[in-house]
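For reference, the chains in residue letters:
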Amino acid sequence: MLEALSYRVKVPLNISLVVMVTVGVITLTLLGYNYRLMDREMLQGGESLGRVLAKGVAAPMLRDDLWTVWDTLRAPMDVDGGESLRPETVTVIDGAGRVFASTRPDVFRVASRPGVVDSRYADLSGASADSAAVASRWLDGDSLLVSVPVLVDGSEIGNVLLEYRRPAFFDRFGGALQQVFATTLVILLIVLPIGWWLGMRVARPLQELAGLMDRIGTESPSRLRHELPAGAQTGRDEIVRLRARFREMLGQLADKEMLEQEMVRADRLAALGRLTAGIAHEINNPLGGMLNALSTQRRHGRGDPVTERTLSLLERGLEQVRDIVAALLVEARFKGHDLRPEDIADVITLVESDDHGSGVDLEWEHRLEGPVPLPSTPVRQILINLLLNAVRAAGKAGYVGCWIECEGQSLRLTVCNSGRHIPEAQMGHLFEPFSTGDTDDSGTGLGLWVCYQIVQQLNGRIDVRSHPGRTCFRVELPLMERRDHDAEAVPAGR
Amino acid sequence: MTMFPPGNMRIGWGYALVTNRARWFIGLFLPVVFCMLAGMQSVATADRTLRIGLTPVMLEDQVRFLDRWRGYLEKRLGREVEFVRRNSYGEIIELALRGRVDFAWLCGFPYVQHRDALNLVVAPLYDGEPLYQSYLIVPVSDDTTRHLLDLRGAIFAYADPNSNSGWLYPEHVLRQAGSSGERHFQRTFYTWGHQRVIEAVAAGLAEGGAVDGYVWETLSRIEPNLTARTRVVSRSDHFGFPPIVATSAADEATSEAFREVLLGMVEDPMGRELLDELNLDGFAHVESSLYESIGVLSREVAEGRY
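Thresholds, definitions, all that
Residues numbered from 1 in each chain as written. Chains lettered and ligands numbered in written order. Predicted model: local features only at pLDDT ≥ 70, side-chain atom pairs only at ≥ 80, totals over all residues. Heavy atoms only, no water. Helix = DSSP H or I, 4+ residues; strand = E, 2+ residues; numbered from the N terminus. Buried < 20%, exposed > 50% of the residue type's maximum accessible area, 1.4 Å probe, protein only. Contact = heavy atoms within 4.5 Å. Areas by Shrake-Rupley, 256 points an atom, 1.4 Å probe, with all protein chains shown as cover. Polar contact = N/O pair within 3.5 Å; in protein donor to acceptor, adjacent residues only side chain to side chain. pLDDT = per-residue confidence, 0-100. Axes fitted to C-alpha atoms, helices over the stretch in contact; angles between N-to-C directions. Parallel < 35°, antiparallel > 145°, perpendicular 65-115°, else oblique. Left-handed = near helix turned anticlockwise from the far one by under 90°. Nonpolar A, V, L, I, M, F, W, Y, C, P; charged D, E, K, R; others polar. Disulfide = S-S within 2.5 Å. Phe/Tyr/Trp six-rings, centres within 6.5 Å; stacked < 30°, edge-to-face > 60°. Lys NZ or Arg CZ within 6 Å of the ring centre and 35° of its normal. Pairing = 2+ DSSP bridges. Right-handed = clockwise from strand over helix to strand, strands pointing away. Buried area = accessible area lost by both parts, 1.4 Å probe. Salt bridge = Lys/Arg side-chain N within 4 Å of Asp/Glu carboxyl O. Patch = residues over 30% accessible without salt bridge, like charges linked within 9 Å, V, L, I, M, F, W, Y side chains within 5 Å. Expected span 1.5 Å × (residues − 1).

(A) Structural detail: the overall build of chain B. On a plain count of helices and strands, chain B comes out with 14 helices and 13 strands. Within chain B, the fraction of its 306 residues that count as buried is 53%. Taking contacts inside chain B between residues at least 6 apart in sequence as the whole, the part at least 24 apart equals 79%. Carbon and sulfur atoms form 51% of the exposed surface of chain B, whose accessible area is close to 14100 Å².

Here it is in structure tokens:
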């Protein structure tokens, strides 16, 4: 049952238990010690009181003055306080072993024999009469009898018998126990909140970690890592270390998952690329033949108008097929001049004149100071595609930003817009053809696919980050070392 | 040694003024007399301290009450008063017979024994009469005893061998029955005080006791818990209440002044308050014949008639 409890309860419980056990052991030890001391106290108290009384009663006993003897005996019984060491009974016996006076005359009647009226006294009177020394013995388990001789001029005229009863444990120590209980209660009242607080301190980070661990597998590690901020604690205790290691592990899990997703996506896109390229090549061959045949028929045939219209329809359809196939079969042309600042300006002009561009707040900045060793045509195509997408996404009164800069050995294009952000589910398929589903839009659904293919062919990278209110595409293209302007080649290593 | 009570001094002073017989006397002694009149204290110091012997016929341990009574008497008598207390009746009687005290409050028994040497001053009035009784008491646990003779073989407490109520009367009863204290009881002892007899019986130390009825009744007002532990078995005939007597040390004038003060106590509030604490109604002139009945007992016991 105890195992099921939270540390928040277990810690204060354990502290209380330790306090109570400690208090109990100390109390029992001290009280036991005191209880054992009590016998010696009784004996010493009895001896000293007995000597005083023996001296006091000697003279009146000689005078046979019963009243004065009794008055002397009852004096210590009437004094207030010191109840613990007060004798139960004080009896004076004369030389003949008869009661001279007793503080309990109802039991020890004057002139009676103590051994007769109380069997416990039976053998003492005879024994003590022999010696003139103080004697003591236990009458029963709890009663101590101290016998002090009454001496006059060296001869014994009687004995003072003091009977002490050992008080019951609780009679004597009840007060002390009450005090101990009260003190323990106060200590517990102080310690329990501290224990509770300590328990909370231990339990809270553990609970937090346990909760996060339970969610691994069902939620993305990066989000879990986000919920576990780096602890401010500088300590090196186990919990702080556990937390740090757990956070590290979540980070590694997130990285691994991202890498896996990236690889899956890249593999899929590569497969798609190969498929579309294959299909496009297979279609292009018959398509070229058909278009040539049509062209020949147009030039030589003189057909009736119906045939003419039919042929024209066929030609437009085939041309559309060719365009689509051409778009799918992205083959970056590396011919042409290096990218120049003017090329960028042209693109901006083009985009600003687009129908959708009206009303959009377009901010752009480029830091190109001269030609960049990259083919201008594919770079312009990327830029146009991204910008047109952004302008459409931003919508009326939206915002589009474009930054172009050379950083080290690469060119970086960043295009951001303030439009609707891309849902998580769509992210994985963003660069696949016809993936956006914006059927109502005028786009072909191939813009990003084309961008991706071109970037891949230029050995670059493209990635996207989308939060509500801000979506950014970033393209990094490595600069080429040396370019043959007339070469038309696909860079190796794709 | 001559004593001048303050009253006489004043008369003497007036006489000197009126007769005009000795101007030199005035011139010489007037400052002295003035000094004497300046305060009671200085007047009183001129006289011997009046010593009054007390016996346990009244309650013991009443230090505060005695201080107040002493102050009252000093104020009335105009001289210092000292109460003399001793362990037993016998010692006070001894002091009285030797003239070491001026007055003594004694039991009627020693008075009748020494009536030639002692002069009656007054006797207290208890319940309106100068009379009291002797009580026989037993512990309250004893509900069988009906008579002193029932206590055969008992432990018995007497107040004092010089007390009528606390020894003479019960002894007389036993003698009448053909016995005596020594033969009738297993053991007897004296407590040297009536209140202590009550304590001894209440505690069970004594199985019977003879006590002054006035003391028992007065104690039952102050300490009812103590007297409740005793039972009064029988009450004697009435005897003359222990009187206050003058010894040979007190002259007639002093006795008269003391008598007047005691008789006048009932007439002023302070005196009545003190009387009330004593549980007495006042003091009265009594004749020696009041104690004749005690004298009879005394003689009969002494002669061993029974």
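(B) Geometry of helix α10 (residues 213–222) of chain B. Residue and element names in this part refer to chain B. Here α10 has its buried residues at G213, Y214, V215, W216, T218 and L219. The inward-facing, buried residues of α10 contact β6 (134–139), α9 (194–203), β9 (208–212), α11 (224–227), β10 (230–235) and α13 (269–278). The N-terminus of α10 is capped by D212, whose side-chain oxygen sits 2.8 Å from the backbone nitrogen of Y214.

(C) Geometry of unusual backbone geometry. All names here are of chain B. The phi angle at D127 is positive, at roughly 55 degrees, despite the residue not being glycine. Among the secondary structure elements, D127 is positioned in the loop between β4 (119–125) and β5 (131–132). Phi at N279 is positive, roughly 65 degrees, even though this residue is not glycine. Positionally, N279 belongs in the loop between α13 and β13 (282–284). With relative accessibility at 17%, the residue N279 sits in the buried group.

(D) View of the confidence of the model for chain A. Residues and elements named next belong to chain A. Here chain A averages 82 in pLDDT, and 90% of its residues register 70 or above. Across chain A, the secondary-structure element scoring lowest on mean pLDDT is helix α4 (residues 124–130), at 51, and the one scoring highest is strand β2 (residues 99–102), at 94. A low-confidence stretch, residues 486–494 stays under pLDDT 50, and its non-local contacts, those more than four residues away or across chains, total 16 contacts.

(E) Main features of the packing of helix α4 (residues 63–77) of chain B against helix α12 (residues 252–264) of chain B. All names here are of chain B. At a minimum axis separation of 10 Å, α4 and α12 run at an interaxial angle of 120 degrees. Judged by the angle between their axes, α4 and α12 are oblique. The handedness of the crossing between α4 and α12 comes out as right-handed. Judged by residue contacts, W69, Y72, L73, R76 and L77 of α4 engage A257, F258, V261, L262 and G264 from α12. Among the residues forming the contact of α4 with α12, the class breakdown is eight nonpolar, one polar and one charged.

(F) Inspection of the state of the cysteines at higher detail. All names here are of chain A. Going through the model one piece at a time under the given rule, you end up with one disulfide over all chains. C416 shares a disulfide with C472; S-S distance 2.0 Å. In this structure, the disulfide formed by C416 and C472 twists by about 110 degrees around the S-S bond and is classed as right-handed. Residue C416 is located in strand β10 (residues 410–417), and its partner C472 is located in strand β12 (residues 470–478); the two are separated by 56 residues in the primary sequence. For the pair C416 and C472, a shared accessibility class is recorded, and that class is buried. In this structure C402 is a free cysteine whose sulfur lies 9.2 Å from that of C416, the closest cysteine sulfur available.

(G) Region of the structure containing the environment of R109(A). Tracing the sequence through the fold places R109(A) in the loop between β2 and α3 (114–117). In this structure the C-alpha to C-alpha distance between R109(A) and V99(A), which are 10 residues apart in sequence, comes to 6.8 Å. A distance of 2.7 Å separates a polar atom in the side chain of R109(A) from a polar atom in the side chain of Q186(B). A distance of 2.4 Å separates the side chain of R109(A) from the side chain of E207(B), its partner in a polar contact.

(H) Main features of the side chain of S376(A). Secondary-structure assignment places S376(A) in helix α10 (residues 376–394). Not counting chain neighbours up to four residues away, the residues in contact with S376(A) comprise H337(A), D338(A), L339(A) and D343(A).

(I) Inspection of the packing of aromatic side chains at higher detail. Counted under the stated rule, the structure contains 19 aromatic pairs over all chains. Seen from their ring centres, F103(B) and F258(B) are 4.3 Å apart, and the 35 degrees between their planes marks the pair as tilted. One end of the pair, F103(B), is in strand β3 (residues 103–105); the other, F258(B), is in helix α12, and 155 residues separate them in sequence. The two residues F103(B) and F258(B) agree in class, both being buried. In this structure an aromatic cluster arises from ring pairing among F156(B), Y158(B), F185(B), Y190(B) and W192(B). A cation over an aromatic ring shows up here: R187(B) above the ring of F100(A), its NZ or CZ 5.3 Å from the ring centre. R235(B) extends its terminal NZ or CZ atom over the ring of Y135(B), reaching a point 4.6 Å from the ring centre.

(J) Region of the structure containing the pairing of strand β2 (residues 81–85) of chain B. All names here are of chain B. Two strands pair when backbone bridges link them, and strand β1 (residues 50–54) and β2 are joined in this way by five bridges, in the parallel orientation. The partner of I52 across the bridge, within β2, is F83. Where the polypeptide runs from β1 across α4 and back to β2, its parallel neighbour, the crossover connection is right-handed.

(K) Fine view of the confidence of the model for chain B. All names here are of chain B. In the predicted model, chain B carries a mean pLDDT of 85, and the fraction of residues at 70 or more is 84%. Under a pLDDT of 50 for its full length, residues 1–20 has, in the predicted model, 14 contacts with residues more than four places off or in other chains. With pLDDT under 50 throughout, residues 24–28 is counted as low confidence; its partners more than four residues away or in other chains account for three contacts.

(L) Region of interest: the interface of chain B and chain A. Contacts between chain B and chain A engage 16 residues on the former and 12 residues on the latter. Here chain B and chain A share an interface that buries about 1200 Å² over both sides, 59% of which is from carbon and sulfur atoms. If you look at where chain B meets chain A, you find three salt bridges. The salt bridge partner of R74(A) is E199(B), with a shortest N-O separation of 2.5 Å. At the boundary of chain B with chain A, the tally comes to five residue pairs in polar contact (both at pLDDT 80 or more). Those elements that provide at least two residues to the side of chain B that touches chain A are β8 (187–190) and α9 of chain B. Of the residues forming the side of chain B that touches chain A, the biggest block, four residues, is contributed by α9(B). Residue composition of the side of chain B that touches chain A, grouped by class: eight nonpolar, four polar and four charged.

(M) Spotlight on a nonpolar patch on the surface. The grouping of V186(A), I190(A), I194(A), W197(A) and L198(A) at the surface amounts to a nonpolar patch, some 480 Å² of accessible area in total. Here V186(A) lies in helix α5 (residues 169–215).

(N) The sheet that holds strand β3 (residues 135–138) of chain A, seen in detail. All names here are of chain A. One open sheet holds the five strands; their spatial order is β2-β1-β5-β4-β3, and the pairing between them is antiparallel. At either end of the open sheet lies a strand with only one pairing partner, and these are β2 and β3. Direction aside, the axes of adjacent strands within the sheet are offset by 20 degrees on average. Of the strand pairs in this sheet, β3 and strand β4 (residues 143–152) are connected by four bridges, and their pairing is antiparallel. In the strand pairing of β4, W138 is matched with L144. Along the sheet face, helix α2 (residues 66–78) touches β1 (89–94) and β2 and points at about 40 degrees away from the line of β2.

(O) Up close: helix α8 (residues 305–328) of chain A. All names here are of chain A. Its 24 residues place the ends of α8 35 Å apart at the C-alpha level, agreeing with the 34 Å of an ideal helix rising 1.5 Å per residue. The complete set of buried residues in α8 reads L311, S312, E315, L318, V325 and L328. Contact partners of the buried residues in α8: α7 (238–300) and α12 (447–457).

(P) Looking closely at the sheet that holds β4(B). All names here are of chain B. Spatially, the six strands line up as an open sheet ordered β2-β1-β3-β12-β4-β13, and their pairing is mixed. The open sheet has two edge strands with one neighbour each: β2 and β13. Between one strand and the next, the sheet's axes are offset by a mean angle of 25 degrees, whatever the strand orientation. Judged from the three bridges that link them, β4 and strand β12 (residues 244–246) form a sheet pairing that is antiparallel. Of the residues in β12, the one forming a bridge with N119 is A246. The strands touched by helix α5 (residues 89–97) are β1, β2 and β3; relative to β2, the strand with the most contacts, the crossing angle is about 135 degrees.

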